[in-house]
There are 4 protein chains.
Amino acid sequence: MLNVGIIGATGYTGVALISLLINHPLVKITLVTSNTYKGKRISDIFPLFRGLFEETLVPTDDDHGDKCDVYFLCLPHGTSMATAKTLFNDKSVLIDLSADFRFEDLSIYEKTYIKHIAPELAKQAVFGLPELYKDKIRGAKIIGNPGCYPTSAILAFYPLLKEGLLSGDIFIDSKSGVSGAGRDTKIGSLFCEVSEGFRAYNVGLHRHEPEIQKEVNKYQDLQVMFTPHLLPMNRGILSTTYSRLKNPYKTSDILDLFKKTYKDEPFVRIMDEGVYPDTRFTRFSNFCDIGLKTFEDGRIVIISTIDNLIKGASGQAIQNMNVAIGIEETLGLKTPPQYP
Amino acid sequence: MLNVGIIGATGYTGVALISLLINHPLVKITLVTSNTYKGKRISDIFPLFRGLFEETLVPTDDDHGDKCDVYFLCLPHGTSMATAKTLFNDKSVLIDLSADFRFEDLSIYEKTYIKHIAPELAKQAVFGLPELYKDKIRGAKIIGNPGCYPTSAILAFYPLLKEGLLSGDIFIDSKSGVSGAGRDTKIGSLFCEVSEGFRAYNVGLHRHEPEIQKEVNKYQDLQVMFTPHLLPMNRGILSTTYSRLKNPYKTSDILDLFKKTYKDEPFVRIMDEGVYPDTRFTRFSNFCDIGLKTFEDGRIVIISTIDNLIKGASGQAIQNMNVAIGIEETLGLKTPPQYP
Amino acid sequence: MLNVGIIGATGYTGVALISLLINHPLVKITLVTSNTYKGKRISDIFPLFRGLFEETLVPTDDDHGDKCDVYFLCLPHGTSMATAKTLFNDKSVLIDLSADFRFEDLSIYEKTYIKHIAPELAKQAVFGLPELYKDKIRGAKIIGNPGCYPTSAILAFYPLLKEGLLSGDIFIDSKSGVSGAGRDTKIGSLFCEVSEGFRAYNVGLHRHEPEIQKEVNKYQDLQVMFTPHLLPMNRGILSTTYSRLKNPYKTSDILDLFKKTYKDEPFVRIMDEGVYPDTRFTRFSNFCDIGLKTFEDGRIVIISTIDNLIKGASGQAIQNMNVAIGIEETLGLKTPPQYP
Amino acid sequence: MLNVGIIGATGYTGVALISLLINHPLVKITLVTSNTYKGKRISDIFPLFRGLFEETLVPTDDDHGDKCDVYFLCLPHGTSMATAKTLFNDKSVLIDLSADFRFEDLSIYEKTYIKHIAPELAKQAVFGLPELYKDKIRGAKIIGNPGCYPTSAILAFYPLLKEGLLSGDIFIDSKSGVSGAGRDTKIGSLFCEVSEGFRAYNVGLHRHEPEIQKEVNKYQDLQVMFTPHLLPMNRGILSTTYSRLKNPYKTSDILDLFKKTYKDEPFVRIMDEGVYPDTRFTRFSNFCDIGLKTFEDGRIVIISTIDNLIKGASGQAIQNMNVAIGIEETLGLKTPPQYP
């Protein structure tokens, strides 16, 4: 059994990790931390865990080095790297759910976030998108788990990028459920500020745009515009991506390319022609569903969905753990989507 | 492996059964039926099942006798008994999710629904509330799975009834998510007729009242009033029950009684004093959570929650199957509640 | 034109007041205050007001005496009375939306809230439920606007109380939309903590219970139990009240009594037999809708709905203003319910 | 007073018309029709109207010619033109909320819908987007009220089109509340099929695309791609439009152009730089709110919101009536947006 620690266990990604890991056959959660709720049982904070998982929370700020085989860091951007420094060693695997280890080029990170205090670690870190970087993730000791929006967007056009088929702008119109904003108390996350309403936010300014752009730039020199919107629902991201192909292709040809590209990926599902994904059909699962349509003049629209807390965060983190450790990629991730 | 058939697989209870059973370690679903969608793959109707379960639906009206070890009947009240007659034999287990086999006294059934056409079967049927009737369910060949509201209500006051502690009226104020109304297209179930609204329905007339009343009458001669309400959400029932104790007791004493009564029941969780359940903490799980408070003058309020599609329907059906067959009661039912 | 001031204008009741008063034909809002947002235009905080009402917010803590004919106090319980003291004079009307002036018997207030610092004012204050106290409200200089839950509950059984028809316990099971919790940032009001969930809160402890109880006690010596629940929606309260009549009556007889009692009340609507209210049919309006059913053994269930921010707060406050000033009771309150 | 008839009064647009018109100072609704509910009082179908508007519904199929000064036709696409033929005369104004009179070029209509049976009427009809065609609407006898999506989209880029500033593709990513699908009972509109989910529909096929395209083509030869999505909420449309300007402009310059273009339009509100609209701030009102951002390389993103049932249907129809008749454009449309 792997001893697993969750650093910052009382946010939505921490709770999602616990929910998944308590049924992972090769894992035992031996450490859950929280500064806010230290000393309390997690099942008192979240009664859903009563009878299932009743560990007591210890302070995040304590030294937790050498306790676990795998650490999941569910801490805010900019603070995670300090904790990573104290935990890093050659025996355990660190999987960081913040943005701190997602950027190979730290100048982009520092322009988008703050000065990086662990550049030597960042250099060793792997961008944990298993569908693109599985070989690098195997055996990795530190993994930067991708952002939720970038996961939904990059998987949506990676097969086209890889083949160099795109041309012109890439417009990514993304919509996310509210859990993406975390469990912090801010006015914009109140029920009455979200329900029965819909809005864009951080237009032209969102920090996931550079994360997407840097992946695009590895393949093609194209400009990304990313606009996030807030959906009046708990979970799920749908990204609608508009672009042009260098040459026109039939929808079925591009779907074939996608199926071929992802044929060994257990968590990417390509829809049939004329079928488009619904967030409800990936909800609570680690799937990314993709549908698309091409037009005679070369335009293309691609629609992709994920659960922002699972494939967009905690599920992908477990997938990364499984790959890094060398166990079956789908362990702990077999719960089907839940509907309705 | 048990061969399992789901008769009427494309309603919400059918879908919930499939979602749970595809991870049940001792079950293989070998039959799914639908008259409406016959000939189509269930994964084309419900894309959530793509890659997980892609069986083709066969007509419900075909003869499916002798095919399966266990049949789940997810058919409308009043029509299920006809199918049960054709399927019943001494080798397989029938678990009926309609009301057709819930009433020992058919005169109550016939007053509430229609004339019963399989009275001899009804006589053999067990009311499938495992926390009350586990001994009878073991080895049973036909089980009437309880209604969702009755499950939430009966479990809420069974420990008091059993001890004969109640006195006076029992007022049950229940609130259910919309999935309880099924997947039929009716105006009252449209999004715009439910969202941002709340209403009572079938006031003094709901067919679950006699189902609750007949269980009460087995222990005490008390009058039940049951009022269902429609919540603007997908899943979950919360029942608030008001009554009086013959003599005043402290809250903690009654909680102790509840804990003792349900100490061997894996799916009933009794809250601590001052803690009350939230439907979100049983959602997608087979738990029933119960909290309560007593008052110095003998009044008592009890609050219970379930997921109407799981403990209120498909999960309880699987629990009944496990008990009837003699395998571990919790198999296939270990997914924790999903939040947020 | 009446000069009207709104003290604490940036909570949900303040916003609702502005929304209604900008179309009141005899009112001009000349003062809006906020400590948090002082110096900003209210239309920058709430862009819905762009082009309609763009006043600049001044500090609540400034001295606003003698500026307005009518002041609406939208301040927290316990702090409102201090402001009321500074504003009170014989020329203007104070309408307080907090609990500070709702209790004739200050010992109940002080047991429920905190020590009262303006008892002489409290003595002059009228409990502003116009359907019960219209004569006292006419010409009143200080009015304690009732709580949202008490408004829905008291109107539901006042005709019975007045005639002394009730007997036994009164169980009030109330459900409210989230806006009743205000615009404060607390975890329990976050979208992800409310949506797709339902829970009771403050069981046996809610401060609206004594407010209801003291009105009941004016007529009959009966015990109230009040249980509030949180609905996953923005606006609306539905209260389901269970009790017994001393003698059995037909539903139609009791409906007739209700119609007679409220025949001159423009904002109370009594449903026909067999029809029950839905919060969506009072939403955004000042109506209270009531339906009920009696049983042969004397039991009765009454269902009442209001918009918690309108009849439960700001609309009722305007109704009180209209009555106090002596203008038409419905001015500014003619917008029909909004659906869907 | 104008005698107004609503043909097909029991859908969501009919209900919205009644809600608005009962407070219109120059209008009396004298006719409401429905084949489904004929003979019933509209207040029995929609209890929100109790005490406010209790007319009896007469059959839509009766002859209603010469009864009213203004007729609003709230009938399905393709059937409205037949009714229009029977009602049309030189004394009354017909405002058709279907697509039947929106297309000057009937070949586009017939390619998108069905064969047109009243081409001579269609020739006289005006496309009722008052911000573009106010001169033509004045005195018009038959008006084709625009679709909800086209209203939100065309207003979003009309100032740019008019000046010929756009270049390249126009990608319109639109999201609508469920009321846009009407009150028909279809599985896709059920609460449990919409709530907590989000999906695109009619990708590349929606009939509002040609309606937008034909307006674009009046100014510039550009290709529109329109993708509608279904939001889990009742009301509101937000359209996010991506395109390129021929030459780069600063955001503030383009905002100034928008403000200038719409300076005499009472229902278009241009946001300040850095502010973007939220559907909740136009909800229940006739406003269209627009915000935008330009980029140094010429890309532009424009975000526009309306209430799909008001500015997207019934409110705009009343605005058209006011303009056609020559009364004040905002009569009956002064209710501010409702929040939360």
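Fair warning: this is a prediction, and the values are worked out from it, not measured in the lab. (Residues numbered from 1 in each chain as written. Chains lettered and ligands numbered in written order. Predicted model: local features only at pLDDT ≥ 70, side-chain atom pairs only at ≥ 80, totals over all residues. Heavy atoms only, no water.)

S.K.: I'm lost on the overall build of chain A in this one. Help?
M.R.: Helix and strand counts for chain A come out as 11 helices and 13 strands. For 340 residues, the compact-globule formula gives about 20 Å, and the C-alpha radius of gyration of chain A, at 19 Å, lands near that figure. In terms of overall dimensions, chain A has a C-alpha envelope of 60 × 45 × 35 Å along the principal axes. Across the 340 residues that make up chain A, the buried fraction comes to 68%. Long-range pairs, those at least 24 residues apart, make up 70% of the contacts in chain A between residues at least 6 apart in sequence. (Helix = DSSP H or I, 4+ residues; strand = E, 2+ residues; numbered from the N terminus. Rg over C-alpha atoms; globule rule 2.2 N^0.38 Å. Buried < 20%, exposed > 50% of the residue type's maximum accessible area, 1.4 Å probe, protein only. Contact = heavy atoms within 4.5 Å.)

S.K.: When you look at the environment of V58 of chain D in this model, what are you seeing that I'm missing?
M.R.: All names here are of chain D. In this fold, V58 is placed in the loop between α2 (42–45) and β3 (70–73). Separated by 273 residues in the primary sequence, V58 and L331 have C-alpha atoms spaced 27 Å apart. Residues contacting V58, with those up to four places away along its chain left out, are L31, V32, T33, S34, K38 and H64.

S.K.: What should I look at first to understand the interface of chain A and chain D in this one?
M.R.: The parts lose accessible area when they come together, and the size of an interface is often stated as this lost area. Counting residues at the interface gives 46 residues for chain A and 46 residues for chain D. The largest per-residue losses of area from chain A upon contact with chain D belong to E196, F198 and Y242 of chain A, which jointly make up 19% of the total buried on that side. Summed over the shared surface of chain A and chain D, the number is 8 salt bridges. Viewed at the interface, chain D and chain A are joined by 32 residue pairs in polar contact (both at pLDDT 80 or more). In terms of residue class, the side of chain A that touches chain D is made up of 22 nonpolar, 10 polar and 14 charged. (Buried area = accessible area lost by both parts, 1.4 Å probe. Salt bridge = Lys/Arg side-chain N within 4 Å of Asp/Glu carboxyl O. Polar contact = N/O pair within 3.5 Å; in protein donor to acceptor, adjacent residues only side chain to side chain. Nonpolar A, V, L, I, M, F, W, Y, C, P; charged D, E, K, R; others polar.)

S.K.: Please clarify how the sheet that holds strand β7 (residues 166–176) of chain C should be interpreted in this entry.
M.R.: What links the strands of a sheet is backbone hydrogen bonding, and the strands pair in either a parallel or an antiparallel sense. Residue and element names in this part refer to chain C. Read across the open sheet, the 7 strands follow the order β8-β9-β7-β10-β13-β12-β11; overall the sheet is mixed. Bordering the open sheet on either side are β8 (199–200) and β11 (268–270), each of which pairs with just one other strand. Relative to strand β9 (residues 224–230), β8 is paired through 2 bridges, and the arrangement is antiparallel. Within β9, the residue paired with R199 across the bridge is L230. Sheet contacts for helix α10 (residues 251–261): β10 (237–245), β11, β12 (288–294) and β13 (299–306); angle to β12, the most-contacted strand, approximately 155 degrees. (Pairing = 2+ DSSP bridges. Axes fitted to C-alpha atoms, helices over the stretch in contact; angles between N-to-C directions.)

S.K.: Help me out: how do you make sense of the packing of aromatic side chains in this one?
M.R.: The geometry of an aromatic ring pair is captured by the separation of the ring centres together with the interplanar angle, meaning the angle of the planes. Across all of its chains, the model carries 62 aromatic pairs over all chains by this definition. Between Y339 of chain A and F46 of chain B the ring centres are 5.6 Å apart and the planes differ by 50 degrees, which places this aromatic pair in the tilted class. Pair noted here: Y339 of chain A is in the segment after α11 (310–325) and F46 of chain B is in the loop between α2 (42–45) and β3 (70–73), and the two residues belong to different chains. A relative accessible area of 0% means that F46 of chain B is categorised as buried. Taken together, a centroid distance of 6.2 Å and an interplanar angle of 65 degrees make the contact between F267 of chain D and F287 of chain D edge-to-face. Separated by 20 residues along the polypeptide, F267 of chain D in the loop between α10 (251–261) and β11 (268–270) and F287 of chain D in the loop between β11 and β12 (288–294) bring together distant segments of the chain. A relative accessible area of 3% places F267 of chain D in the buried class. Under the relative-accessibility criterion, F287 of chain D is labelled buried at 8%. (Phe/Tyr/Trp six-rings, centres within 6.5 Å; stacked < 30°, edge-to-face > 60°.)

S.K.: Explain the domain arrangement of chain A here, please?
M.R.: Residue and element names in this part refer to chain A. With domains assigned, chain A is organised as domain 1 (2–124) and domain 2 (148–307). Its C-alpha centre places domain 1 at a distance of 27 Å from the equivalent point of domain 2. Tallying the contact residues gives 11 residues for domain 1 and 10 residues for domain 2. Roughly 1000 Å² is buried in total at the junction of domain 1 and domain 2, and carbon and sulfur atoms are behind 56% of that figure. Taken as a group, Y12, R102 and T112 account for 44% of the area that domain 1 buries against domain 2, more than any other trio of residues on that side. The tally of links from domain 1 across to domain 2 stands at 3 salt bridges. For K214, the salt bridge is made with E104, and the minimal N-O distance between the two is 3.3 Å. Between the two partners, domain 1 and domain 2, sit 5 residue pairs in polar contact (both at pLDDT 80 or more). Among the residues forming the side of domain 1 that touches domain 2, the class breakdown is 6 nonpolar, 3 polar and 2 charged. (Domains from an automatic or database assignment.)

S.K.: Would you mind showing me how to read the packing of helix α1 (residues 12–21) of chain B against helix α11 (residues 310–325) of chain B here?
M.R.: Describing two packed helices takes the angle between their axes plus the distance from one axis to the other. Residues and elements named next belong to chain B. Interhelical geometry of α1 versus α11 gives an angle of 50 degrees and a closest axis separation of 9 Å. Classed by the angle they form, the pair α1 and α11 counts as oblique. Considering how the two elements wind past one another, α1 and α11 form a crossing that is right-handed. Here T13, A16, L17, L20 and L21 of α1 come into contact with α11, specifically with I310, A313, S314, G315, A317, I318 and M321. Grouping the amino acids of the contact of α1 with α11 by side-chain chemistry returns 9 nonpolar, 3 polar and no charged. (Parallel < 35°, antiparallel > 145°, perpendicular 65-115°, else oblique. Left-handed = near helix turned anticlockwise from the far one by under 90°.)

S.K.: Teacher, can you tell me more about the sheet that holds strand β3 (residues 70–73) of chain C here?
M.R.: Residues and elements named next belong to chain C. As summarised here, the arrangement of the 6 strands in space is β2-β1-β3-β4-β6-β5, forming an open sheet in which the pairing is parallel. Here the strands that pair on one side only, and so sit at the sheet edges, are β2 (27–33) and β5 (126–127). Of the strand pairs in this sheet, strand β1 (residues 2–7) and β2 are connected by 6 bridges, and their pairing is parallel. Bridged to I7 within β2 is T33. The strands touched by helix α1 (residues 12–21) within the sheet are β1, β2 and β3, with β1 carrying the most contacts at an inclination of about 160 degrees.

S.K.: Just to check I follow, could you spell out helix α6 (residues 130–137) of chain B for this structure?
M.R.: Think of an α-helix as 3.6 residues a turn; residues three or four steps apart then line up on the same face. Residue and element names in this part refer to chain B. Counting buried positions along α6 yields 6 of 8 residues, so the element is predominantly enclosed. Every buried residue of α6 is listed here: P130, E131, L132, Y133, K134 and I137. Those residues of α6 that are buried lie in contact with β5 (126–127), β6 (142–144), α7 (148–162), α9 (208–216), β11 (268–270) and α11.

S.K.: Would you mind going over the relation of the copies chain A and chain D with me for this structure?
M.R.: Two copies of the chain are present, and they differ by a rotation about an axis and a shift along that axis. Expressed as a screw transformation, the operator carrying chain A onto chain D has a rotation angle of 180 degrees and an axial translation of 0.0 Å, and the superposed copies differ by an RMSD of 0.0 Å. What we have between these two chains is a two-fold relation. Within chain A, P232 of chain A has its C-alpha nearest the rotation axis, a separation of 3.3 Å. Mapped onto chain D, 100% of the interface residues of chain A are again interface residues, and the two copies thus contact each other with one and the same surface. (Least-squares fit on C-alpha atoms with pLDDT ≥ 70 in both.)

S.K.: How should I be thinking about the interface of chain B and chain C in this particular structure?
M.R.: Across the contact, 46 residues belong to chain B and 46 residues belong to chain C. Taking both sides of the interface into account, the surface hidden between chain B and chain C amounts to around 3900 Å²; carbon and sulfur atoms contribute 57%. Of all residues in chain B, the largest losses of buried area upon contact with chain C belong to E196, F198 and Y242 of chain B, amounting jointly to 19% of the total for that side. On the surface where chain B and chain C come into contact, there are 8 salt bridges. Within the residue set of the side of chain B that touches chain C, elements represented by two or more residues are β7 (166–176), α8 (191–194), β8 (199–200), β9 (224–230), β10 (237–245) and β13 (299–306) of chain B.

S.K.: Before we go on, may I ask you to explain the relation of the copies chain B and chain C in this structure?
M.R.: Least-squares fitting of chain B to chain C yields an RMSD of 0.0 Å, with the transformation described by 0.0 Å of translation along the axis and a rotation of 180 degrees. In this assembly, 100% of the residues forming the interface of chain B have copies in chain C that are likewise at the interface, indicating an isologous arrangement.

S.K.: Mind showing me how you'd approach the side chain of R283 of chain A here?
M.R.: Here R283 of chain A lies in the loop between β11 (268–270) and β12 (288–294). The exposure class of R283 of chain A is buried, given its relative accessible area of 2%. Every residue in contact with R283 of chain A, bar those within four places of it in the chain, is listed here: R235, D307, P337, Q338, Y339 and P340 of chain A, R283 and F284 of chain B together with E196 of chain D.

S.K.: Help me understand unusual backbone geometry in this model?
M.R.: Only a minority of non-glycine residues have a phi that is not negative, and only a minority of peptide bonds are not trans. A cis amide bond links Y339 of chain A to the next residue, P340 of chain A, at an omega of 0 degrees. Along the chain, the position of P340 of chain A falls in the segment after α11. Of note in the backbone geometry, E196 of chain D takes a positive phi value of approximately 55 degrees without being a glycine. For E196 of chain D, the position within the fold is in the loop between α8 (191–194) and β8 (199–200).

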